[in-house]
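Coordinates in review
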Amino acid sequence: MTKFRRTTSLQRTQQRMAVLFILPALAIYGLFVLYPLLMSLWGSFFTWKGLRMQEFAGLANFSRLFVFPSGARLYGALWHNVAWFFGIMLLQNGLGLLFAWLLFLRGRGAAFFQSVFFFPAVLSPVIVGALWRLLLAPGGIVEWALNGLGLHQGSLTVLGNSHTALGMLIAVDAWNWMGLPVLIYTAGLRQISPQVFEAAKLDGAGNARMLYAIALPLLMPALGTLTTLSFINTFNQFDIVYVMQGVQGNPSYATDTLVTYFYRLAFGAEGAVGITDIGLALALGTMLFLILSIGTLLMLRFFDKRTVEL
Amino acid sequence: MSAVAIPHRLARLPGWTILLVWTAAVLLPLYILVVSCFKTTAEIYDNRLGLPQSWALDNFVRAWTRADLGHNFINSLIVTGGAVILTIVVSAMAAYPLSRYKLGWNGIMLGLFLSGIMLPIRLASVELFTLMRSLGLLDSLTGLILVYSAIRIPFAVFIFANFMRVLPAELEEAARMDGAGETRILFQIVLPMVKPAVSIVAIFTAIAVWNDFFFPLIFIFDDRYKTVPLAISVFVGQFRTDWGLVFASLAISMAPILIMYCLLARQIREGVGAGGGMK
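Since this is a predicted model, take the numbers as computed values, not measurements. (Residues numbered from 1 in each chain as written. Chains lettered and ligands numbered in written order. Predicted model: local features only at pLDDT ≥ 70, side-chain atom pairs only at ≥ 80, totals over all residues.)

Some details on the overall build of chain B
The number of helices and strands found in chain B is 14 helices and zero strands. Put simply, chain B runs from its N terminus to its C terminus through helices and strands in the order α-α-α-α-α-α-α-α-α-α-α-α-α-α. Scaling as 2.2 N^0.38, a compact globule of 279 residues should have a C-alpha radius of gyration of about 19 Å, whereas chain B reaches 24 Å, well beyond that. When the backbone C-alpha atoms are referred to their principal axes, chain B occupies close to 75 × 70 × 35 Å. The 279 residues of chain B split such that 43% are buried. In chain B, the proportion of contacts linking residues at least 24 apart, taken out of those at least 6 apart, comes to 77%. (Helix = DSSP H or I, 4+ residues; strand = E, 2+ residues; numbered from the N terminus. Rg over C-alpha atoms; globule rule 2.2 N^0.38 Å. Buried ≥ 20, exposed ≤ 12 C-beta atoms within 10 Å, placed from the backbone. Contact = placed C-beta atoms within 7 Å.)

What to know about the confidence of the model for chain B
All names here are of chain B. Chain-level statistics for chain B give a pLDDT mean of 88 and a share of 94% at 70 or above. Considering each helix and strand of chain B separately, the mean pLDDT is smallest for helix H1 (residues 2-11), with a value of 57, and largest for helix H5 (residues 69-100), with 96. What the predictor reports for the complex is a pTM of 0.90 with an ipTM of 0.90. (pLDDT = per-residue confidence, 0-100.)

Quick look at the pairing of strand S1 (residues 46-49) of chain A
The side chains of a regular strand alternate, first on one face of the sheet and then on the other. All names here are of chain A. As defined by bridge partners, S1 adjoins strand S2 (residues 52-56) across three bridges and the pair is classed as antiparallel. Following the sheet pairing, Lys 49 is matched in S2 by Arg 52. Between S1 and S2, which pair antiparallel in sequence order, lie two residues; one of them, Gly 50, sits at a positive phi of approximately 60°. (Pairing = 2+ DSSP bridges.)

Digging into the interface of chain B and chain A
At the junction of the two partners, chain B supplies 70 residues and chain A supplies 71 residues. Looking at the side of chain B that touches chain A, its residues break down into 51 nonpolar, 13 polar and six charged. (Nonpolar A, V, L, I, M, F, W, Y, C, P; charged D, E, K, R; others polar.)

Section: the domain arrangement of chain B
Interfaces are often sized by the amount of accessible area the parts lose when they come together. Residues and elements named next belong to chain B. Split by domain assignment, chain B resolves into domain 1 (2-58) and domain 2 (60-273). Spacing between the C-alpha centres of domain 1 and domain 2 amounts to 34 Å. For the side of domain 1 that touches domain 2, the leading source of residues is helix H2 (residues 13-36), giving three residues. (Domains from an automatic or database assignment.)

Description of the nonpolar core
Counting residues in each nonpolar core, the largest one holds 168 residues, and the members touching the most others are A:Phe262, A:Leu284, B:Val157, B:Phe160 and B:Leu250. Among the elements that line this core, the one with the most residues is helix H8 (residues 141-165) of chain B, at 18 residues. Sequence-distant contacts of B:Val157, that is, excluding residues within four places in its chain, are made with A:Ala25, B:Ser91, B:Ala94, B:Ala95 and B:Phe113. (Core = buried A, V, L, I, M, F, W, Y, C linked by C-beta atoms within 7 Å.)

Re the confidence of the model for chain A
Any region with low pLDDT has predicted coordinates that should not be read closely. Mean pLDDT over chain A: 89, with 95% of residues reaching 70 or higher. Of all secondary-structure elements in chain A, the lowest mean pLDDT belongs to helix H10 (residues 207-218) of chain A, at 86, while helix H7 (residues 165-177) of chain A reaches the highest, 96.

A short note on helix H9 (residues 194-202) of chain A
Think of an α-helix as 3.6 residues a turn; residues three or four steps apart then line up on the same face. In terms of residue burial, H9(A) counts as a barely covered element, since only zero of its nine residues are buried. Immediately beyond the C-terminal end of H9(A), within one or two residues, lies A:Gly204, with a positive phi of roughly 90°.

Examining unusual backbone geometry
Residues and elements named next belong to chain A. Following Phe 68, the chain continues to Pro 69 via a peptide bond in cis, the omega torsion being 0°. Here Pro 69 is to be found in the loop between helix H2 (60-66) and helix H3 (70-106). The linkage connecting Asn 250 with the following residue, Pro 251, adopts the cis geometry, with an omega of -10°. Relative to the elements of secondary structure, Pro 251 occurs in the loop between helix H12 (239-245) and helix H13 (258-267). Of note, Ser 252 is a non-glycine position whose phi angle comes to about 40°, a positive value. Relative to the helices and strands, Ser 252 resides in the loop between H12 and H13. Note on Ser 252: 11 C-beta atoms within 10 Å, which makes it exposed.

Quick word on the environment of A:Phe113
Its place among the elements puts A:Phe113 in helix H4 (residues 110-118). Sequence separation between A:Phe113 and A:Ala100 is 13 residues, and the spatial gap between their C-alpha atoms is 9.7 Å. Non-local contacts of A:Phe113, meaning those with residues more than four positions away in its chain, are made with A:Leu103, B:Leu19 and B:Thr23.

Some points on the packing of H5(B) against helix H11 (residues 195-211) of chain B
Residue and element names in this part refer to chain B. Interhelical geometry of H5 versus H11 gives an angle of 145° and a closest axis separation of 9 Å. The element H5 and its partner H11 pack so that their crossing is right-handed. Contacts between H5 and H11 involve Ser 76, Val 79, Thr 80, Ala 83, Val 84, Thr 87, Ile 88 and Ser 91 from the former and Val 198, Val 201, Ala 202, Thr 205, Ala 206, Val 209 and Trp 210 from the latter. Taken together, the residues of the contact of H5 with H11 break down into ten nonpolar, five polar and no charged. (Axes fitted to C-alpha atoms, helices over the stretch in contact; angles between N-to-C directions. Left-handed = near helix turned anticlockwise from the far one by under 90°.)

Things to note about the environment of B:Phe204
Tracing the chain through its elements places B:Phe204 in helix H11. As a C-alpha pair, B:Phe204 and B:Gly271 span 67 residues in sequence and 8.9 Å in three-dimensional space.

A short note on the packing of H4(A) against H2(B)
When two helices pack together, their arrangement is given by the angle between the helix axes and the distance between those axes. Where H4(A) meets H2(B), the closest approach of the two axes is 9 Å, and the angle between their N-to-C directions is 40°. Comparing their axes, H2(B) and H4(A) come out oblique. In this structure, H4(A) meets H2(B) at a crossing whose hand is left-handed. Seen from H4(A), the contacting residues are A:Phe113, A:Val116 and A:Phe117; seen from H2(B), they are B:Leu19, B:Trp22, B:Thr23, B:Val26 and B:Leu27. Looking at side-chain class alone, the contact of H4(A) with H2(B) contains seven nonpolar, one polar and no charged residues. (Parallel < 35°, antiparallel > 145°, perpendicular 65-115°, else oblique.)

Structure representation (structure tokens):
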């Protein structure tokens, strides 16, 4: 009986202490993350005058988003984000797999290469963007090197050219984050039992075949993590564009992304006069929220189904 | 033996070449960054790859004082330090009952926190701006500390809860027998047992906060409160022709992270390899 009473009193203490212990974290997280996010979703169904919510407008903001003058910006930015995602999948997560595989086959020196490859990932995208902006500038060192090697003549304007600018930004982003796929793939490869590879070797499988036929199917969880992370990061892309090409995504919106467009709508840098359009910004935010949540869920399910267990 | 070993080694050559090419692609830009810090703009044009004529600190001094990067640097230190401490304290407090008590609502509450790991908080920046303005937290380092902690709490709770869950139950029972209160059990017994979790949270919070640019861009207008990344984004345009100064400010702004990375490279690699989300 006394034992029973003691546990209930302990449980009562625990319930009270739990509330006290959780409250500070919940208050900060609720106030500065959950509340503004829910209000933003809610507000996208209203008309706005400056920063003041006016009246319920149904889906009016959303339909305005897709037509002139916003339509061209929206589709342009969306296309750039999609291209960015596939570019990163190929350049960063594809090359990263090759690097991780080479390191795995060698074993020796893996920690050194991993540390070097990962180093840019701890730098701010602002620093990385600013550094590459200096290196790629007309008169910069890349121009000098390409001229010296005879690969290019005259002034290098890859960042000012609307055909090449987006590709350069994607490459800089891949340079920034290359260490991430290398680390995640290597961790995945080390979890595969060495006997699997030895058996394949005895059967006469070459390195390329082992990567394709054995390692890749077993790396599905790693690939799933990377695809999801790259998707989220790509559709939040802002810093590199802002620092290298300005908030308009120069030249002539060729590097505009959904978040730079959102920023211009919300904080007044869109168009010649730079007036904010909060209704439009919130509608774009809600749309991006849906793209991100649905996309993430679909990807997690897709890779979950394809996970092979040995 | 050598008849087999030599072709074997030759076969490995292309692989080594690929790895070394990427190593150069990472290290060369950083090398150029470092040597350019010590060169005048004219010297940067004349002597592209070589070492500087003299290791003059002129660019650093000008970046620190004339461009006032020193001020931004101190702001960034305050914001990063404040956010790391606040995040660790409140997240460890929340994770302790959620992972160690039988409350009946652990799962729901933990789920509420974890859902925040993936939330695209930038999209809430309009409402966040309105909120910060009404709380008087615009142009304030405290405001930044609160926002960054709020964003990092989900990841921190997740890490702390995972580490605390596997501790033996006898741990608190013995302490409770001795009459220790719950607060003391958390801070003097449980927290020292999960030191690896504390360092993971501290490292990744520090990197994310030190590097962030978006929230200062929205919330900070007064030069006195600007953080390093925000200042850098201005310098790149403002001192466009003064390359030595810009290179030096880039070097200064990455120095703390560089030092931390050299000291903690192994923990960082393991933390990321274990699937810890970075951004």
